[in-house]
Amino acid sequence: MPLVLLVGRMCSAALALSLTGTVAGFAATINNSVDTAGTASLGLQETNAAGSVTCATTASAFSVTCATINKFGGSMTMVPGVAVPTTVKLKNTGTATPSTFTLTPGASCTQTTNGAINGGATDLCAKMNITIAQDSTTVFSGTLATLAGASPITLSTANMSGGSISTFVFTVTLASTADDTYQGYQASLPITWTLNS
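Heads up: these notes are all about the structure in this document. (Residues numbered from 1 in each chain as written. Predicted model: local features only at pLDDT ≥ 70, side-chain atom pairs only at ≥ 80, totals over all residues. Heavy atoms only, no water.)

## Regarding the sheet that holds strand β3 (residues 83–92)
(1) Moving on: If you walk across this open sheet you meet the 6 strands as β2-β1-β3-β9-β6-β7, and the pairing is antiparallel. With one partner strand each, in any of the chains shown, β2 (54–56) and β7 (137–143) form the two edges of the open sheet. Neighbouring strand axes in the sheet, compared pairwise and without regard to direction, differ in orientation by 20° on average.
(2) Moving on: With 3 bridges connecting them, strand β1 (residues 44–48) and β2 associate as antiparallel partners. Of the residues in β2, the one forming a bridge with glutamine 45 is alanine 56. (Pairing = 2+ DSSP bridges. Helix = DSSP H or I, 4+ residues; strand = E, 2+ residues; numbered from the N terminus. Axes fitted to C-alpha atoms, helices over the stretch in contact; angles between N-to-C directions.)

## Looking at the state of the cysteines
(1) Moving on: In total, this model carries 2 disulfides according to the counting rule given.
(2) Moving on: Here cysteine 55 engages in a disulfide with cysteine 66; their sulfurs sit 1.9 Å apart. Here cysteine 55 and cysteine 66 share a disulfide; its torsion about the S-S bond, 55°, makes the bridge right-handed. Here cysteine 55, found in strand β2, pairs with cysteine 66, found in the loop between β2 and β3; they are 11 residues apart in sequence, far enough to count as distant.
(3) Moving on: Across the disulfide from cysteine 109 sits cysteine 125; the S-S distance is 2.0 Å. The sign of the S-S torsion, about -80°, decides the handedness of the disulfide formed by cysteine 109 and cysteine 125: left-handed. Pair noted here: cysteine 109 is in the loop between β4 (100–105) and β5 (110–113) and cysteine 125 is in helix α2 (residues 124–127), with a separation of 16 residues, a long-range link. (Disulfide = S-S within 2.5 Å.)

## Here's the deal with the pairing of strand β6 (residues 128–134)
(1) Moving on: Most of β6 is tucked away, with 5 of its 7 residues classed as buried.
(2) Moving on: Pairing of β6 with strand β9 (residues 165–174), which is carried by 7 bridges, proceeds in the antiparallel orientation. Bridged to threonine 131 within β9 is threonine 171.
(3) Moving on: As paired elements, β6 and β7 share 6 bridges and run antiparallel to each other. Bridged to isoleucine 130 within β7 is glycine 142.
(4) Moving on: Between β6 and the antiparallel strand that follows it, β7, lie 2 residues; aspartate 135 among them carries a positive phi value of about 45°. (Buried < 20%, exposed > 50% of the residue type's maximum accessible area, 1.4 Å probe, protein only.)

So, in structure tokens, the structure goes:
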């Protein structure tokens, strides 16, 4: 009988310990309550030198057409040998630093008449010289004819981090060898700016 009593008391003690939770230990806890990730953005804004005309991508249009800033100066009274410079500023309005920045010329340079007097020449694009400089570094020098259809021009991303501005100067000059047959024409060539992250 004493053995039965001893076993019974041991079972009662074990049961009491398991119900009261008196077994103790150490613990350490970290609760990470703010775990987020988000995307950066790229935006492109073009402004004329005076800052009075702006073209920009928007939150709903990441690619826009700008017909209000003429990089070739828009002069319709050019004469041989006289340079017409035009300054534009490009700004990254987003938060991402781009990995590439390019200027892509259109496929072709188009010659059309400018007024009633036309000299008969058909290659004005080959007589319009153009120099493009980014932040005082020349990135292209040639004619509108050689610029047309050329591969995209790689531009510096140094001044294109979020909120930064890069300044471009387009200088167009009618060749000094242009004769009377080039009177009364205009040349046009679209270009496209692209930022990529």
